[in-house]
Amino acid sequence: MAIMDNIERKIAAGSPVSRHEAATLFLEADDTTLQRLATQVRARFHKETEATYLIMAIVNYTNICVAKCDYCSFFRLPHDKEGYLLTTEQVCQKIDQMVQHGGKLVGFNGGFHPKLRIDDYAKLFTEVRARYPRLEFYEMTVAEFMFSCKVSKVTYDEGAAKLAASGTRWVTGGGAEIMDNNFRKRHSPGKFTVEDYYNAQEAILGAGMGSTATMVIGFDETLEERLNHLESLRTFQDRVGGTLASFLCWTYKPWNNEFGGEEIKTAEYLRWLAVSRIYLHNMRNIRTSVLTKNEDALLGLRFGANDFDLPTEDEVTQKAGATISHDFEHLLTAARNMGFKTLERDAWPVRNWQ
Ligand code: SF4
């Protein structure tokens, strides 16, 4: 087939594939071809037989959120009796539990809390960082950052400058789901537009902090909407000179929320991971999601991923049906049995991770 020959030639030459070619790969290439091509692109950046990992926790400091995304199983509205906002002490107790598991990185993730201003976040993170100088922190997601700037009545540049001045190193790309405005209107009209999200990302990077890219698949998104996500991300990554440290894709969990549905099969997740690795030629680190796919996620190492987390907790995905195992040795053995040397890494530095 001429188009597949062309894709093979482009990948061998290190050239980016087109959007149409990415769609063809997803719809028509067999698994073996996808694995081979994704591994070829992965090998531009990483040794084929090595995979890196990090033990980490996602600390959900509040479940209060006014965005009301229909796919969310986690949020509670203000005044709901199940709503909570953790104290600094309670946050630290969770971090202590992660440290006991050998964790090195804490990702904070909450909701669109209508009373939390940028200064409140900066104060919490400053206190926590002072107690754990050896840990790294992904302090907010871009989505939370955007809402907090709105509540604080500051621009993204001003909000990012405040966080950076208080010592924040990372505001990561969580909350992106599918970066397509039609998708967003259907499921999370109160969250953000695609253009606004990238403006916020740019402000974060411009203030000298690090960030990442994420994607969640398996709602009702069309292939075109998924491709819009990858295309806008690749364009943005070019615009910021390859600064985003990684791309993590995970799968929607359909339990305990308004939207419901069925979870997509692992085979589809792996195929999309491979297409992402091939299309995102400017993204060094592609990560596979143990958080939502457990041991199956490790198969992603054969579909272009080079790195994974071993999470100790995350209420957001667990409320939606994810299960977390603390038997890390079992997971690492599974990766080793697939032929990968597993290397525990430190958190990446903000900029010179390449
Ligand atoms: S996904 Fe995030 S922003 Fe949307 S309702 Fe849940 S907590 Fe709020």
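Residues numbered from 1 in each chain as written. Predicted model: local features only at pLDDT ≥ 70, side-chain atom pairs only at ≥ 80, totals over all residues.

A. Spotlight on helix α1 (residues 2–13). Given a rise of 1.5 Å per residue, twelve residues ought to cover 16 Å, and the 17 Å separating the end C-alpha atoms of α1 matches this to within 8%. Looking one or two residues beyond α1, the residue adopting positive phi is Gly 14, at roughly 75°. (Helix = DSSP H or I, 4+ residues; strand = E, 2+ residues; numbered from the N terminus. Expected span 1.5 Å × (residues − 1).)

B. Examining the site of the ligand more closely. Close contacts around the ligand come from 13 residues, with Cys 65, Ala 67, Cys 69, Cys 72 and Gly 111 the closest. Across the shell around the ligand, the residue classes tally to eight nonpolar, three polar and two charged. (Near = placed C-beta within 6 Å. Nonpolar A, V, L, I, M, F, W, Y, C, P; charged D, E, K, R; others polar.)

C. Inspection of the nonpolar core at higher detail. With 106 residues, the main nonpolar core has Ile 204 and Ile 278 as its most contacted residues. Ranked by residues supplied to this core, first place goes to helix α11 (residues 266–279) with eight residues. Apart from residues lying up to four places away in sequence, Ile 204 is in contact with Val 142, Phe 145, Ala 160, Val 171, Met 209 and Ser 211. (Core = buried A, V, L, I, M, F, W, Y, C linked by C-beta atoms within 7 Å. Buried ≥ 20, exposed ≤ 12 C-beta atoms within 10 Å, placed from the backbone. Contact = placed C-beta atoms within 7 Å.)

D. Broad picture of unusual backbone geometry. Residues other than glycine seldom take positive phi values, yet His 79 does so here, at roughly 80°. A count of 7 C-beta atoms within 10 Å places His 79 in the exposed class. The phi angle at Asn 294 is positive, at roughly 50°, despite the residue not being glycine. A residue is classified by how many C-beta atoms lie within 10 Å of it, and Asn 294, with 16 of them, is partly exposed.

E. Highlighting the pairing of strand β7 (residues 246–251). Among the six residues in β7, six count as buried, and that is most of the element. On β7, burial covers both faces: Ser 246, Leu 248 and Trp 250 on one face and Phe 247, Cys 249 and Thr 251 on the other are all buried. After leaving strand β6 (residues 213–217), the chain enters helix α10 (residues 223–239) and then returns to the sheet as β7, a path that is right-handed. Two strands pair when backbone bridges link them, and β7 and strand β8 (residues 285–288) are joined in this way by three bridges, in the parallel orientation. Bridge pairing in β8 links Ser 246 to Asn 285. A crossover links β7 with its parallel partner β8, the connecting element being α11, and its sense is right-handed. (Right-handed = clockwise from strand over helix to strand, strands pointing away. Pairing = 2+ DSSP bridges.)

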